[in-house]
Amino acid sequence: MLNGLATMMQVADKGRTLSATAEADATAAIDTSRQMSERLAEVSATDPLAAVCFLIGVGCVVAIILSVASDRFKSQVKWLGTMAGKFAMILLGGFFLLLPIAMHTTAGSGYLWPKLGESVPAAAYLMFETMGFSADLSDWTVTIHTIMGNGALAELYFWLLAFYTVASPVALALTAMDVLMNGLTGFMVYFESWKKCVRRRDIYVFYGLDDNTSTLALDLLGQVADKSSDNPRDRMPLLIFCNVEGSTGEGDSLVQQVRQDAYGCATVIFTPMPLENIPNRLAPPTQTRCNVYYLVLSDDTDENVQATIRLCDQLTTQMMVWEMIGRRWDVRNIEPKPQLRPRTEAYARNVRVWCVHDNPDDDLIFDSLPQRKPDDQLMVHLLRHNADRGSADKRRPHIETALQPLMVVVRNLVEVRLISEQREVVWDTLTTNPLTQVLDPVDVSQDIVPFQRLVVVICGLGSFGLEALRACFWFGRLPGVELRIVGVDRRARDVAQHMAAAWPELVFERVPEGMPSVRPDLERPLTDASGSDAVPTVCFMEADARSLAMHDLLDGTPVQGFSIGPEGEEPETIVVGDSSRIYVMVMLGADDLSLDAALRLERTLSRRALAGRLSAGSPPAQNPLVSVLVRNQEVLESVRDVTHGDEQFSLRPFGSTQEAFSYERILGAPWEDAAINLQAAYTQARRVAQGLDPQVTHAEAMEAFNSYEIKKLSNRAATRFTPYRLWCVGLEANGGFPSEEAAAQWADKLGTQALAVSLTGRDETAVRLLCGIDFPDRGLSQEDRDKRVALLRSVEEAEAKEYPVVCSLGDLEHARWCAFLRAQGWSAVDGGFDALERMVSFVGLQDDPARPYPHESMRLMRHYYLVDDPAAYRMRGAECRGDPAAYDRAIVTQAVRAMRREVIEPEYGRHPHLHRLEGMGRKRTRRRG
């Protein structure tokens, strides 16, 4: 019974506990409901106009934040990216926050909503007080709670207004400084450009101020200070450094040095203005009287590309405005083949743009520039003046279509030279210190070509190492030479996989062991990997350049490596035999590491040669040879001094930043002039064969040269290979430009003088040799293609018999071109002409019966002519109504003339001492800071 009583008491206690809990929960719910009702009452008491103004103030803050943090938003709302734009946004947000306060403080009649005419001036006055630090937020606290209630919204309103109170005077000061800086420097740019255009001086516009731009500027000022040029344009130029923010005071070392070197020989202006604003700030007469060079050379290559595109858009807009003014802004006045105004053509001749980049896909970006749509500034004028075709949305597509022919012509006038620092450095050293230095001399015009095995070892597969490997792949296509390339890196497997994805036909290539990669007669293809003895051209070894494995490799000991094939990674045994000719390139990223490794490797190879276990070659061969990348100019000069001391070193330093961005490399650009001359020489040969005036203007050469970036690069590569062609016929190839004597010997060996006479007389064989066959049958049926192939074969024997050396070197040029395209990531069109037709249809190319059938796709990076067998190559050309082998032979015959720039005059580098024709010796250096 006691137990039952205890149980009943426990149940009663639990009931009381539950009742108390329920009562507490009910009380809490009532309090919560009361608080929510109070908050709702506070929100409902908020002035609707004040709430709208609050949202506007928040929106202005968000816009300011996006203008700082979001590049996409900044590009869409460009004016907000300036300090003045941010200040205007602060004024806007602050004004709307103060407007409800002004309405209540100016309401003398007691009404809640005073007249708007009284409140707007009052709000503006309060905003001016805020900018002058004379506003007191405590005076507005009561008013804020009156219009926003006593809740969280009032607190947020107060803190937002506090932000604007602090930000407005700060933004005012920064805007004033920005306007002063831009206005002052903008006036200086305008005034100085007026002065320069009176005397037709050159204007150089640099993007930013860093090591690259300052190196070129200092070297340019050094050339001007030498006063060695007779051209008055080279005296007292104007140098403008734009996008220079903040660090333009005397404390900046680069600014000090540029100003010091410019004293008395040039005018220098530093400005924070963006690059794309410079064309509009220059005095109008400069457009036709001055050469204006835009040099976008900063370390940030991605920003370089973006800045260059914006600049090209601005230049195009300028010229399009002139053209449309002449057409009264009526798109119906645009001709199918537009004729440009003289002012536009003169402006385009005077403007040049250089852009440093490192992304291979940038080529496609700049190829698409002519297809870009007109900017908003131009479109606004066009929409206003062409208002007879419905709404703006309907008129815009029609206007863009009608404008396209003129846009393409004008954009093609803007010449942009893309510069890859890695490519320029590597190509320079492979012409200054060519691969042929370790090889015995040959002469395909007389002697039997000896067999030689060339092993190129690339230590370090970073950006420079990859470029070196790709360049050696096509520079090494030489008669009688078996080319083997070994890439050494601690991350070789990752790099090899990347290469297989980017340049598959380069890493997949297999050549029969013991056979040269190409032969002078090229009777049969030598890259057929069907045989069991085929070995890869490119192998890899995962090791440190300073490791024992690297020592064993160069000492002749077999080491384990691997190659990449279509099926994946394959093990390879790498042996550098005693008869090998060895060319080593060391590029480890840091000068001290590269020099240490290069000296060790040079010492290993020298000891091996001294022991008689490595052929030294026949003079003037220098087997082995080690080249090392050194970025610091002082260190590079020291290494050169050591190698030219009492003891002979087979060590060649190259690639300092000061040499890479020197006047000679960028503005002088003798190799670029040679590439343009090569294009002009080919055009000239075709004109002579057709009985036309042989004179080729620079504009005509540039129109053909600027078609596609890959074709410009191909012309540059063909020019760079010219010293190797000289070597092929027993002439010196010291990396310099051929002398008059060497040019005469080259002409004698190839018979080009007699060929030129025959071409002028329109001799049938000579015309076919350099200009190709003009096929009468233009159809694409199998019968028509067979007729063209039969016609081609019937004339090949006569060409080879009359001009054997030209034909042989033409086949060698095709082999080099194939390797070059593979090194750029291109592949062949397999499957015959049917596969080509499917590709042409797939990418939407149009066939013009008057021209060869489309045989390449820039989008797919595939080429129908990319086949090693010369006979198959010529046959494919005939199928496409063309004779591409004639272009190879034209390159061979005209290459030396192009290098000597005998076709058209160079546009840049008018300093004669920078463009001597015999060799390019050590450049005078300038100490920096």
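What counts and how
- Residues numbered from 1 in each chain as written.
- Predicted model: local features only at pLDDT ≥ 70, side-chain atom pairs only at ≥ 80, totals over all residues.
- Heavy atoms only, no water.
- Axes fitted to C-alpha atoms, helices over the stretch in contact; angles between N-to-C directions.
- Helix = DSSP H or I, 4+ residues; strand = E, 2+ residues; numbered from the N terminus.
- Parallel < 35°, antiparallel > 145°, perpendicular 65-115°, else oblique.
- Contact = heavy atoms within 4.5 Å.
- Nonpolar A, V, L, I, M, F, W, Y, C, P; charged D, E, K, R; others polar.
- Patch = residues over 30% accessible without salt bridge, like charges linked within 9 Å, V, L, I, M, F, W, Y side chains within 5 Å.
- Areas by Shrake-Rupley, 256 points an atom, 1.4 Å probe, with all protein chains shown as cover.
- Salt bridge = Lys/Arg side-chain N within 4 Å of Asp/Glu carboxyl O.
- Buried < 20%, exposed > 50% of the residue type's maximum accessible area, 1.4 Å probe, protein only.
- Pairing = 2+ DSSP bridges.
- pLDDT = per-residue confidence, 0-100.
- Lys, Arg positive; Asp, Glu negative; His and termini not counted.
- Charge placed at Lys NZ, Arg CZ, Asp CG, Glu CD.
- Phe/Tyr/Trp six-rings, centres within 6.5 Å; stacked < 30°, edge-to-face > 60°.
- Lys NZ or Arg CZ within 6 Å of the ring centre and 35° of its normal.

A short note on the packing of helix α17 (residues 421-432) against helix α28 (residues 709-720)
No. 1: At their nearest, the axes of α17 and α28 sit 11 Å apart, and the two run at 25 degrees to each other. When the interaxial angle is binned, α17 and α28 end up roughly parallel. Of α28, the residues touching α17 (which contributes Arg423, Glu424, Trp427, Asp428 and Thr431) are Leu713, Arg716, Ala717 and Arg720.
No. 2: Looking at the contact of α17 with α28, its residues break down into three nonpolar, one polar and five charged.

A few points about a nonpolar patch on the surface
No. 1: Together, Val166, Val170, Leu174 and Met177 line one region of the surface with nonpolar side chains, adding up to about 370 Å² of accessible area.
No. 2: Residue position: valine 166 is located in helix α7 (residues 152-198).
No. 3: Overall, the relative accessible area of 54% leaves valine 166 in the exposed class.

What about the sheet that holds strand β18 (residues 856-857)?
Paired through backbone hydrogen bonds, the strands of a sheet run either parallel or antiparallel to each other.
No. 1: Here we have three strands laid out as an open sheet, ordered β17-β19-β18, and mixed in their pairing. The open sheet terminates on both sides in strands that have one partner only, identified here as β17 (827-828) and β18.
No. 2: For β18 and strand β19 (residues 862-863), the ladder comprises two bridges, and the chain directions are antiparallel. Residue glutamate 856 lies in a different strand from β19, and its bridge partner there is histidine 863.

With respect to the confidence of the model for the chain
No. 1: In this model, the chain carries an average pLDDT of 82, and 84% of its residues clear a pLDDT of 70 or more.
No. 2: Across the chain, strand β11 (residues 538-542) holds the top mean pLDDT of 97, while helix α1 (residues 2-44) sits lowest at 49.
No. 3: Counting interchain partners and residues more than four positions distant, the pLDDT-below-50 stretch residues 107-113 has five contacts.
No. 4: Within the model, the stretch residues 247-251 combines pLDDT values under 50 with ten contacts to residues more than four positions away or in other chains.

Observations regarding a negative patch on the surface
No. 1: Taken together, the side chains of Asp299, Asp300, Asp302 and Asp358 make up a negatively charged region of the molecular surface.
No. 2: Tracing the backbone through its elements, the reader meets aspartate 299 in the loop between β4 (292-296) and α12 (301-326).
No. 3: By relative accessible area, aspartate 299 is classed as exposed at 53%.

Description of the packing of aromatic side chains
Centre-to-centre distance and the angle between the planes together describe a pair of aromatic rings.
No. 1: As enumerated under the stated definition, the model contains 20 aromatic pairs in all.
No. 2: Between phenylalanine 540 and phenylalanine 562, the ring centres sit 5.6 Å apart and the planes meet at 25 degrees, which makes this aromatic pair stacked. With a gap of 22 residues between them, phenylalanine 540 in strand β11 and phenylalanine 562 in strand β12 (residues 559-565) connect regions that are remote in the sequence. With respect to burial, phenylalanine 540 and phenylalanine 562 carry one shared label: buried.
No. 3: Considering the side-chain rings of tyrosine 682 and tyrosine 887, the 4.5 Å spacing of their centres and the 85 degrees angle between planes classify their relative orientation as edge-to-face. Here tyrosine 682 is found in helix α26 (residues 670-689), whereas its partner tyrosine 887 is found in helix α37 (residues 885-899), with 205 residues between them in sequence.
No. 4: Its relative accessible area of 18% is what places tyrosine 682 among the buried residues.
No. 5: Joined through ring pairs, the aromatic side chains of Trp427, Trp474, Phe475, Phe721, Tyr724 and Phe820 make up one cluster.
No. 6: In this arrangement the basic side chain of arginine 343 is found over the ring face of tryptophan 322, its NZ or CZ atom lying 3.8 Å from the centre.
No. 7: A cation over an aromatic ring shows up here: arginine 816 above the ring of phenylalanine 721, its NZ or CZ 5.8 Å from the ring centre.

Comments concerning the packing of helix α31 (residues 752-760) against helix α32 (residues 764-771)
No. 1: It is at 8 Å that the axes of α31 and α32 come closest, and there the two elements cross at 105 degrees. Overall, the two elements α31 and α32 adopt an arrangement that is roughly perpendicular. Here Leu755, Ser758 and Leu759 of α31 lie close against α32, whose contacting residues are Ala766, Val767, Leu769 and Leu770.
No. 2: Here the contact of α31 with α32 is composed, by residue class, of six nonpolar, one polar and no charged.

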